Amino acid sequence: MKQKIRYTIINVISYLFLIVLSFTTNGAKAFTIPSAQPLITPAPYTFLIWLLIYGLWGIWIIWFGFRQTKADDAYQRVSRFLPISFICSALSLIVGQPIAGLFIVGALMTASFVYLSSQHAKGERVPFFRLPISVYLGWLSIATIVEISILLKANGFSELFGLTETFWAIFVLMMGGFFAVVFTESQLDLVYPLVFIWAYIGIAIKNLDHITIFLTCCFAILLIGWMMDQVKRMLAQF
């Protein structure tokens, strides 16, 4: 029990650190390089998902950290990596480019360990436990894709091998959609792909005047939605 309390204290401190930096820094400016915004940048409103993420994690820490539940083993396993991910996400807001990209990748990697820890923990599954983890991991996946695209464009690699930026944008969007489909099918997770759909809708809206990007987003959304329906049917059979 004492170990769980220690984990909870660390979770709370790192969570508050992320919250404070998020509301005292300009996140949009932190991830912007003049003249280097890629075509796959989502519309500004999509970043409001961070408010959902903060809310879900706050409830999660209070619900599982300050009371005894059947998910105690999973909570302690997850808490080995969660504070590191929070701190990486927070520091990415203040270090500037290109170092911010390294912290975003670090946040994604540790969030992946968080997800795996929740999957392989002992005990029965508890409703809501994985929800904030899936949403957080999904958005960090999108943020990493966008961040890498920004850095590549800023360093003159947006037309790699002589191919246009539009080609690479379509390629990245399709690969992201394919990854979301594989992840959904392998993990039987219906929340993670919803984050991709949210982001792809934002990218499509941002590119209403760019028909190829718009249609690619629409196709990817339909593909992800189809896989979600297949997984939902599989889960209904259990």
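Presented here is an overview of the structure given in this document. For clarity, every value in this text was computed on a predicted model and none was experimentally measured.

1. Observations concerning unusual backbone geometry
So, step 1. Of note, the phi angle at Leu188 is positive, near 50 degrees, even though the residue is not glycine.
So, step 2. Look at Leu188 and you get partly exposed, because its relative accessible area is 26%.

2. Focus: the pattern of salt bridges
So, step 1. Tallied over the entire structure, the rule returns four salt bridges.
So, step 2. Between Asp72 and Lys4 there is a salt bridge, with the nearest N and O atoms lying 2.6 Å from each other. In this pair, Asp72 is assigned in helix H4 (residues 72-78) and Lys4 in helix H1 (residues 2-24), connecting sequence segments 68 residues apart.
So, step 3. For Asp72, a relative accessible area of 13% gives the class buried.
So, step 4. One salt bridge connects Arg130 with Asp189, and the closest N-O pair in it is separated by 3.8 Å. Taken together, the residues span a long stretch of sequence, with Arg130 in the loop between helix H6 (99-119) and helix H7 (131-154) and Asp189 in the loop between helix H8 (165-187) and helix H9 (192-206) at a distance of 59 residues. No difference in accessibility class separates Arg130 from Asp189, as the two residues are buried.

3. Focus on helix H3 (residues 49-65)
So, step 1. Between its terminal C-alpha atoms H3 stretches 23 Å, which fits the 24 Å expected from 17 residues at 1.5 Å a residue.
So, step 2. Considered for burial, the residues of H3 that qualify are Ile49, Trp50, Ile53, Tyr54, Leu56, Trp57, Gly58, Trp60, Ile61, Phe64 and Gly65.
So, step 3. Lining the buried residues of H3 we find H1, H4, helix H5 (82-91), H7 and H9.

4. Some thoughts on the nonpolar core
The tendency in soluble globular proteins is for nonpolar side chains to be buried side by side.
So, step 1. In terms of nonpolar packing, the biggest core is built from 61 residues, with Trp57, Trp60, Phe129, Tyr136 and Tyr200 touching the most fellow members.
So, step 2. If near-sequence neighbours (up to four positions away) are discounted, Phe129 is found in contact with Trp60, Phe64, Ala71, Ala74, Tyr75, Val78 and Ser118.

5. Some points on the packing of H8 against H9
So, step 1. Running from amino to carboxyl end, H8 crosses H9 at an angle of 160 degrees, the nearest separation of the two axes being 9 Å. With respect to H9, the axis of H8 lies roughly antiparallel. When you trace H8 past H9, the crossing you get is left-handed. Residues Val172, Leu173, Gly176, Gly177, Phe179, Ala180, Phe183 and Thr184 of H8 lie in contact with H9, whose contacting residues are Tyr192, Pro193, Phe196, Tyr200 and Ile203.
So, step 2. Here the contact of H8 with H9 is composed, by residue class, of 10 nonpolar, three polar and no charged.

Scoring rules and cut-offs
- Residues numbered from 1 in each chain as written.
- Predicted model: local features only at pLDDT ≥ 70, side-chain atom pairs only at ≥ 80, totals over all residues.
- Heavy atoms only, no water.
- Buried < 20%, exposed > 50% of the residue type's maximum accessible area, 1.4 Å probe, protein only.
- Salt bridge = Lys/Arg side-chain N within 4 Å of Asp/Glu carboxyl O.
- Helix = DSSP H or I, 4+ residues; strand = E, 2+ residues; numbered from the N terminus.
- Expected span 1.5 Å × (residues − 1).
- Contact = heavy atoms within 4.5 Å.
- Core = buried A, V, L, I, M, F, W, Y, C linked by side-chain atoms within 4.5 Å.
- Axes fitted to C-alpha atoms, helices over the stretch in contact; angles between N-to-C directions.
- Parallel < 35°, antiparallel > 145°, perpendicular 65-115°, else oblique.
- Left-handed = near helix turned anticlockwise from the far one by under 90°.
- Nonpolar A, V, L, I, M, F, W, Y, C, P; charged D, E, K, R; others polar.

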